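Structural description and commentary
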Amino acid sequence: MSKLFSSYQLQDVTLKNRIVMSPMCMYSAEKEDGIATDFHLAHYVSRAAGGTGLVLLEATAVQENGRISTKDLGIWRDEQVPALKRITDGVHAHGAKVGIQLAHAGRKAELAGKIVAPSSLAYSEDYSTPEALTTEEIKEVVADFRRAAYRAAEAGFDVIELHAAHGYLLHEFLSPITNRREDAYGGPAGNRYRIVSEIIKAVREVWDGPVIVRVSATDYAHGGLQAVDYVPFAKWMKADGVDLIDVSSGGLVPVVPTSYPGYQVPFAEQIRTGAGIATGAVGMITSGAQAEEILGNGRADLIIVGRELLRNPYFAKDAALELGEKIEAPEQYRRAWR
Ligand code: FNR
């Protein structure tokens, strides 16, 4: 049997295969209230029908001013839970598991009004300058991640992913480029990691299930973080109760890296080996054979697929065909499945 279609145990949660839908913002909360719509329901459930093992919902804001745009999904109030519950029920009906990416956009929030970050440094000339968070406000952010995790459990999610990548708030704390604080949350790596640690522990108070953290393994910038810096971070995350690191890159500064098939896989491998923690590989992974190489050679534990799943909700079915595997069809589609 292929590795890709072998099951995977994330704590008590069994994934039927190693294919994960990468979190991707759809900017489609049309009423600007953070509430998932019929579009989101169809979008996520169709990927589950296509055979994906774990569907991760897009960046979902834990605070209103932590959205990237006004059309982001939100989980900062109870009224946002029922629409998320419809999605988790719909995904579960197809035998897939479902997770939510809890996020705060930090200085990359493109919103009117106050935006916040570790330090008062704008992302670029086109972005507003954030206010540096006070210690009290940091405690509120941590508490709001905890409240969001509680709501995620109520909404029926199996997995929580914390978004600490792509230049959003938690990444801004981790990187010395964006964190110039002189208090307990800035300076040495252990201090820059502090808010992430507090959030993981706060989430763990209300959430028993698997926790994934998405990181950007390199900042692609002079003076920024590199994969080697994430080895200790990942060890600390593991000690704090994280089950798997989803290894992405970039987004902290306005630099677009050269990308090519599997360009981030070496980072997933380095963190996996260096920190002794499971990882997910992401970035231009588009075929069964490519996924099999990554898993078979022990470079990562899960295969996280973004744009290919936007193009093709049936990626899992097609990869199975490619690898000579048979996966179960949704009952309604049996006569067409091969
Ligand atoms: C993304 N990406 C992304 N990442 C993330 O952590 N949270 C998010 O909400 C989003 N939003 C998002 C929207 C859209 C439209 C795209 C295309 C991408 C990044 C995404 O999850 C993934 O890491 C990258 O797209 C690279 O993987 P692929 O697409 O090459 O498989």
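Anything mentioned here points back to the structure above.
Summarised in this report is the structure supplied together with it. (Residues numbered from 1 in each chain as written. Predicted model: local features only at pLDDT ≥ 70, side-chain atom pairs only at ≥ 80, totals over all residues. Heavy atoms only, no water.)

**Overview of the overall build of the chain**
- Looking only at helices and strands, the chain has 10 helices and 13 strands in total.
- Here the C-alpha atoms of the chain give a radius of gyration of 19 Å, agreeing with the 20 Å that 2.2 N^0.38 yields for 338 residues.
- Once the C-alpha set of the chain is aligned to its principal axes, its extents read approximately 60 × 40 × 35 Å.
- Relative to its 338 residues, the chain shows a buried fraction of 60%.
- Taking the contacts inside the chain whose residues are at least 6 apart along the sequence as the reference set, 71% of them involve residues at least 24 apart. (Helix = DSSP H or I, 4+ residues; strand = E, 2+ residues; numbered from the N terminus. Rg over C-alpha atoms; globule rule 2.2 N^0.38 Å. Buried < 20%, exposed > 50% of the residue type's maximum accessible area, 1.4 Å probe, protein only. Contact = heavy atoms within 4.5 Å.)

**Overview of the pairing of strand β9 (residues 159–164)**
- With respect to burial, β9 is a largely interior element, 6 of its 6 residues being buried.
- Neither face of β9 is exposed, since V159, E161 and H163 on one face and I160, L162 and A164 on the opposite face are all buried.
- Summarising the sheet, strand β6 (residues 97–103) and β9 pair through 4 bridges and their orientation is parallel. The residue of β9 that forms the bridge with L102 is L162.
- The sheet contact formed by β9 and strand β10 (residues 211–216) spans 5 bridges and is parallel. By the bridge assignment for β10, H163 is matched with R214. (Pairing = 2+ DSSP bridges.)

**Side note on the site of the ligand**
- Taken together, 15 residues sit near the ligand, with S22, P23, Q101, M284 and R307 positioned nearest.
- A distance of 2.8 Å separates a nitrogen atom of the ligand from a polar side-chain atom of Q101.
- The separation between an oxygen atom of the ligand and a polar side-chain atom of H163 is 3.2 Å.
- Residue composition of the shell around the ligand, by class: 7 nonpolar, 6 polar and 2 charged. (Near = heavy atom within 4 Å. Polar contact = N/O pair within 3.5 Å; in protein donor to acceptor, adjacent residues only side chain to side chain. Nonpolar A, V, L, I, M, F, W, Y, C, P; charged D, E, K, R; others polar.)

**Considerations on helix α1 (residues 38–49)**
- The end-to-end C-alpha distance of α1, which contains 12 residues, comes to 16 Å, matching closely the 16 Å that a straight helix rising 1.5 Å per residue would cover.
- Those residues of α1 lying buried are H40, H43, Y44, V45, R47, A48 and A49.
- Put simply, T37 is the residue that caps the front of α1, since its side-chain oxygen is 3.2 Å from the backbone nitrogen of F39.
- Positive backbone phi, at 105°, marks G51, one or two positions downstream of α1. (Expected span 1.5 Å × (residues − 1).)

**Overview of the environment of E64**
- Counting through the fold element by element, E64 comes out in the loop between β4 (54–61) and β5 (73–74).
- Put simply, E64 and D318 are 254 residues apart on the chain and 39 Å apart in space, counted from C-alpha to C-alpha.

**Side note on the packing of helix α3 (residues 135–154) against helix α5 (residues 189–206)**
- The contact between α3 and α5 brings their axes to 8 Å, and the two run at 35°. For α3 against α5, the interelement crossing comes out right-handed. Within the contact between the two elements, α3 uses I138, K139, V141, V142, F145, R146, A149 and Y150 and α5 uses I195, E198, I199, A202, V203, E205 and V206.
- When the residues that make up the contact of α3 with α5 are grouped by side-chain class, the tally is 11 nonpolar, no polar and 4 charged. (Axes fitted to C-alpha atoms, helices over the stretch in contact; angles between N-to-C directions. Left-handed = near helix turned anticlockwise from the far one by under 90°.)

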